[in-house]
Amino acid sequence: MRLSGAEIVIESLIQEGVTSIFGYPGAAITDIYDTLDKSPIRHYLVRHEQGAVHMADGYARTSGKVGVCLVTSGPGATNTVTGIASAYMDSIPIVVFTGQVPTPLIGNDAFQEVDIVGITRPCTKHNYLVKAVEDLAGIIKEAFYLARSGRPGPILIDLPKDILHNKTEFKYPKKIEMRNYRPTYSAHPKQIEKATAQILKAKRPVIYAGGGVITSHSSSELKTLAESLTIPVTTTLMGLGAFPGRHPLWLGMLGMHGTYWANMSVAHCDLLIAVGARFDDRVTGKVDLFAPEARIIHIDIDPTSIRKNVSVDIPIVGDCKDALTKLNQLVQKPGKQEWRKIRQPWLEQIKEWKETHPLNYEQGKDEIKPQYVVEKIYELTKGKAIIATEVGQNQMWAAQYYHFDQPNSFITSGGLGVMGYGFPAAIGAQVACPDRIVFDIAGDGSIQMNIQEMATVVANQLPVKIAILNNGYLGMVRQFQELFYEKRYAQTFLKGNPDFVKIAEAYGATGLRAKHPEEVGPVIEKALSIKGPVIIDFVVSPEECVSPMVPSGKAMTEMLLV
Amino acid sequence: MENNQDQKHTISALVDNEPGVLSRVTGLFSGRGFNIESLCVAETMDPLVSRITLVTRGNDQIIEQITKQLNKLINVIKVIDFTNTEFVEREMALIKVRAEAQTRAEILRIVDIFRCKVVDVSPQFYTIEVTGNEGKIKAILDLLGPLGIKEIARTGAIAMARSKKEGSLKREKSVILQETFGGGKK
Ligand SMILES: Cc1ncc(C[n+]2csc(CCOP(=O)(O)OP(=O)(O)O)c2C)c(N)n1
């Protein structure tokens, strides 16, 4: 079958099982749009290309499939960079197609030309400039494979306009051979043995799990390990949901805004079992003082993650699922032991930390506390919603007070920390999971970074709920200023904020507002009863702080309880 | 993470011979704050494969990151760190030196001792081609210096393992990782 490049793109997407894509047209890719509109693939027209990439990201996180977006050359391509960088940091599988000027014009500063392959080289897992239509199908096949295999990540394919015109015989490759790329899935048995010996010996072990557990679908293996040896579990921001948020062994999140008892447990453990996490600075604080008494086992599929920030006693390169499964087999070998009893002193100690410094806030009569809003959302959605967040305090409160029970339910820009991520990511999640309740927990600053996507939800009647924790400030930065800059609130007061209820209404959605604590529950219930998209403007205490907080560069035990 | 402060390493990477690959490699160095002291790139016997030889400096942990990050690039086929192995290393320099009547004999004597070649002669200058390891090149530069060097062009180092072959390209690149980390592979 002879097809044009544009037809090959669409046919290949169909072959890859793609059913939804997010994009924005332009001259360079009109050929693809012309073909796309006749295809069974559903296209979501966004209002800004950054939105398209975050949607593809949110879609990927909740569907387990590769997210796809399509944009034009030049400005269309540059608008995707933030989204790509975020997906790269969080290891999210997406494929981004960008238009490009025709091959003879490349390098001539042609109209809407930009070297997007050069620009995105450091923030993609890999990228391609297609130079001949004959290569196209193979490249797409490779791109999808690379995006989802090994440590997943974003792939970009740059498509010159003439390639989309040119025709060739189309045959979608059945398999690919990449001699340069073979991720290590299988954990080495020797390393597993060594790890087992340490685990059986440890008196005060802690499991520290990250996004890798979610990516590799190994939360049940993680739970088995924790339960069978009675090992308490903490996770990173990206790992929330990998372990049930109401489990007796659950310590809560660790790190800069982690719980007191999670950080204390890590600081005093004698064995830290890191699974699919990368020891980033928000988790370790001052590296020399991180888990100072512990031997460290580190399981990760990406060898570069190992020994990047901290030295490790037992490195295990491999898929978390494979490594955990093997560990679970080996740790059972010596027969049943009274782990509960053996762990008693350690669990007692943790309990004491927890009781002396719980997560708390006081919901008074007048002002709404943002934490209360999150807890109410948790309660009224029975913990079953998909929660996307923006960045800042809203993100941390969502992490602390929505007790995530299942993986793939918490969607946040963890590595890059992109304000404006949550709303489009929630849209992607809603497309992937039409039957689930999807909330974006937002700040009044962040929501304005991609608020134009209101048009996308309204046009497609996607029932995303946006809960704005409206404190009138760039709250997280204000908190820094309160604590470290003697309350000099330089440029963090958001003068000129719009009326978010009217914004919702102007787009044809529903806008609700709560100003008093007793309105919080009812307004959430009302939002849940509405079929379409809703913005809820929660007017919250302006100067509430996220607590605890470890100042950057300090040891994790130096928590401020603000 | 301490030890072996800033040892010099000669690293060779076999890569796809495609546009943009060198930029991925150098971008990795600049983006992560690693330094490249010298760099050589050329096609290998297989026209689809190029060899990049680069010299860098760092402690064990940095070199480990460099080799792992190189391995992670999709276009990198194999990475070898020659340090602490048996290998031959050569660089080449072209040295244009002032050749006065009184100094010509001296220059030719040096050329002879170092077994290098005069590749161009003009009324006032000799251009000398020298190959060898870094030490040899430094030595000849030290000797020629006082006679008046006008210009130098140097290549970076290229290197090859002694006797034993590096193994076929088909050996997957995680072999090295397996040895250090037990990153197993079926
Ligand atoms: C695109 C982008 N710009 C700037 C920042 C820096 N930043 C981090 S948190 C924050 C404040 C966020 O304010 P808001 O969205 O109102 O949320 P709050 O902290 O009040 O919940 C800022 C400016 C960022 N993370 N992303």
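Scope of this entry: the structure provided in the associated data block. What you see is a predicted model; the values in this text were computed from it and never measured.

1. Topic: the overall build of chain B
Here's step 1: When its secondary structure is counted, chain B shows five helices and nine strands.
Here's step 2: The order of helices and strands in chain B, counted from the N terminus, is β-α-β-β-α-β-β-α-β-β-α-β-β-α.
Here's step 3: Per-residue burial over chain B gives 44% buried out of 186 residues.
Here's step 4: Taking as baseline every contact in chain B between residues at least 6 positions apart, the subset at least 24 positions apart corresponds to 73%.

2. Thoughts on the sheet that holds strand β3 (residues 49-58) of chain B
Residue and element names in this part refer to chain B.
Here's step 1: Strand order across the open sheet formed by four strands is β2-β3-β1-β4, with antiparallel pairing between neighbours. Each edge of the open sheet carries a strand with a single partner, namely β2 (38-43) and β4 (76-81). Strand-to-strand, the axes of this sheet are offset by a mean angle of 15°, without reference to chain direction.
Here's step 2: Pairing geometry for β2 and β3, over six bridges, is antiparallel. Following the sheet pairing, E43 is matched in β3 by S50.
Here's step 3: Together, β1 (7-16), β3 and β4 form the strand contacts of helix α2 (residues 60-72), whose direction differs from that of β4 by roughly 160°.

3. Section: the pattern of salt bridges
Here's step 1: Applying the stated criterion across every chain, the model contains 28 salt bridges over all chains.
Here's step 2: A salt bridge links E151(B) to K96(B); the shortest N-O distance between them is 3.4 Å. With a gap of 55 residues between them, E151(B) in strand β8 (residues 149-154) and K96(B) in strand β5 (residues 87-98) connect regions that are remote in the sequence.
Here's step 3: For E151(B), a relative accessible area of 43% corresponds to the partly exposed category.
Here's step 4: Taking relative accessible area as the criterion, K96(B) reaches 26% and is therefore assigned partly exposed.
Here's step 5: Taken together, the salt bridges that share partners define one network made up of D57(A), R61(A) and D90(A).

4. Focus: the site of the ligand
Residues and elements named next belong to chain A.
Here's step 1: Taken together, 17 residues form the shell around the ligand, and within it Q393, G417, G445, S446 and G475 come nearest.
Here's step 2: Between the ligand and G475, the relevant distance is 2.8 Å, taken from an oxygen atom to a main-chain nitrogen or oxygen of the residue.
Here's step 3: Relative to its unbound accessible surface of 590 Å², the ligand loses 76% to contact with the protein.
Here's step 4: Looking at the shell around the ligand, the elements with two or more residues in it are α17 (393-401) and α20 (475-484).
Here's step 5: Class assignment of the residues belonging to the shell around the ligand gives a composition of seven nonpolar, nine polar and one charged.

5. Let's talk about the sheet that holds strand β3 (residues 42-45) of chain A
Residue and element names in this part refer to chain A.
Here's step 1: Sheet architecture is open: six strands sit in the order β3-β2-β4-β5-β7-β6, paired in parallel fashion. Looking at the sheet topology across the chains shown, the edges are occupied by β3 and β6 (126-129). Across the sheet, the mean angle from the axis of one strand to that of its neighbour is 20°, orientation sign disregarded.
Here's step 2: Sheet analysis places strand β5 (residues 94-100) next to strand β7 (residues 154-160), joined by seven bridges and oriented parallel. Following the sheet pairing, G99 is matched in β7 by L159.
Here's step 3: Along the sheet face, helix α3 (residues 49-63) touches β2 (20-23), β4 (67-71) and β5 and points at about 165° away from the line of β4.

6. Looking at the pairing of strand β9 (residues 205-209) of chain A
All names here are of chain A.
Here's step 1: Of all the five residues making up β9, five are buried; the element is thus mostly covered by neighbouring parts of the structure.
Here's step 2: The alternating pattern of β9 places P205, I207 and A209 on one face and V206 and Y208 on the opposite face, and all of these are buried.
Here's step 3: Summarising the sheet, β9 and strand β12 (residues 271-275) pair through five bridges and their orientation is parallel. Bridge assignment links I207 to a residue of β12, and that residue is I273.
Here's step 4: Pairing of β9 with strand β10 (residues 233-235), which is carried by three bridges, proceeds in the parallel orientation. In the strand pairing of β10, Y208 is matched with T234.

7. Description of the side chain of R24(B)
Here's step 1: With respect to the helices, strands and loops of the structure, R24(B) is situated in helix α1 (residues 21-31).
Here's step 2: Buried charge without a partner: R24(B) forms no salt bridge, and the closest opposite charge is E18(B), 6.4 Å away.
Here's step 3: In this structure the side chain of R24(B) is engaged in a polar contact, spanning 3.2 Å, whose partner is the side chain of N75(B).
Here's step 4: Discounting chain neighbours no more than four positions away, the residues touching R24(B) are R121(A), H126(A), N127(A), L73(B) and N75(B).

8. Quick look at the packing of helix α1 (residues 5-15) of chain A against helix α7 (residues 133-148) of chain A
Angle between the axes and distance between the axes: these two values describe a pair of packed helices.
Residue and element names in this part refer to chain A.
Here's step 1: Look at α1 against α7: their axes get within 10 Å of each other, and the N-to-C directions meet at 25°. With respect to each other, α1 and α7 are oriented roughly parallel. Once α1 is placed against α7, the crossing between them reads as right-handed. Across from G5, I8, V9, S12 and L13 in α1, the residues of α7 making contact are V133, L136, A137, I140 and F144.
Here's step 2: Of the residues contributing to the contact of α1 with α7, the split by class is eight nonpolar, two polar and no charged.

9. Describing the nonpolar core
All names here are of chain A.
Here's step 1: In this structure, L222, I387 and F538 are the most contacted members of the largest nonpolar core, which totals 68 residues.
Here's step 2: With residues up to four places along the chain from it excluded, the contact list for F538 reads V373, A467, I468, L469, N470, A514, V520, V523 and I524.
Here's step 3: Listed in part, the 49 residues of the second largest apolar core include F22, A85, A87 and I451.

10. Digging into helix α14 (residues 320-332) of chain A
Each α-helix winds once per 3.6 residues, and so residues spaced three or four apart point in a common direction.
Residue and element names in this part refer to chain A.
Here's step 1: The terminal C-alpha atoms of α14, which comprises 13 residues, lie 18 Å apart, in line with the 18 Å expected from a rise of 1.5 Å per residue.
Here's step 2: Taken as a whole, α14 has its buried residues at C320, A323, L324, L327, N328 and V331. What you see down the axis of α14 is that its buried residues fit within an arc of 135°, all on one side.
Here's step 3: Residues of α14 that are buried in the fold lie against α9 (189-201), α10 (211-215), α11 (219-229), β12, β13 (295-300) and β14 (314-317).

What counts and what doesn't
Residues numbered from 1 in each chain as written. Chains lettered and ligands numbered in written order. Predicted model: local features only at pLDDT ≥ 70, side-chain atom pairs only at ≥ 80, totals over all residues. Heavy atoms only, no water. Helix = DSSP H or I, 4+ residues; strand = E, 2+ residues; numbered from the N terminus. Buried < 20%, exposed > 50% of the residue type's maximum accessible area, 1.4 Å probe, protein only. Contact = heavy atoms within 4.5 Å. Pairing = 2+ DSSP bridges. Axes fitted to C-alpha atoms, helices over the stretch in contact; angles between N-to-C directions. Salt bridge = Lys/Arg side-chain N within 4 Å of Asp/Glu carboxyl O. Near = heavy atom within 4 Å. Polar contact = N/O pair within 3.5 Å; in protein donor to acceptor, adjacent residues only side chain to side chain. Areas by Shrake-Rupley, 256 points an atom, 1.4 Å probe, with all protein chains shown as cover. Nonpolar A, V, L, I, M, F, W, Y, C, P; charged D, E, K, R; others polar. Lys, Arg positive; Asp, Glu negative; His and termini not counted. Parallel < 35°, antiparallel > 145°, perpendicular 65-115°, else oblique. Left-handed = near helix turned anticlockwise from the far one by under 90°. Core = buried A, V, L, I, M, F, W, Y, C linked by side-chain atoms within 4.5 Å. Expected span 1.5 Å × (residues − 1). Arc of directions from axis to C-beta.

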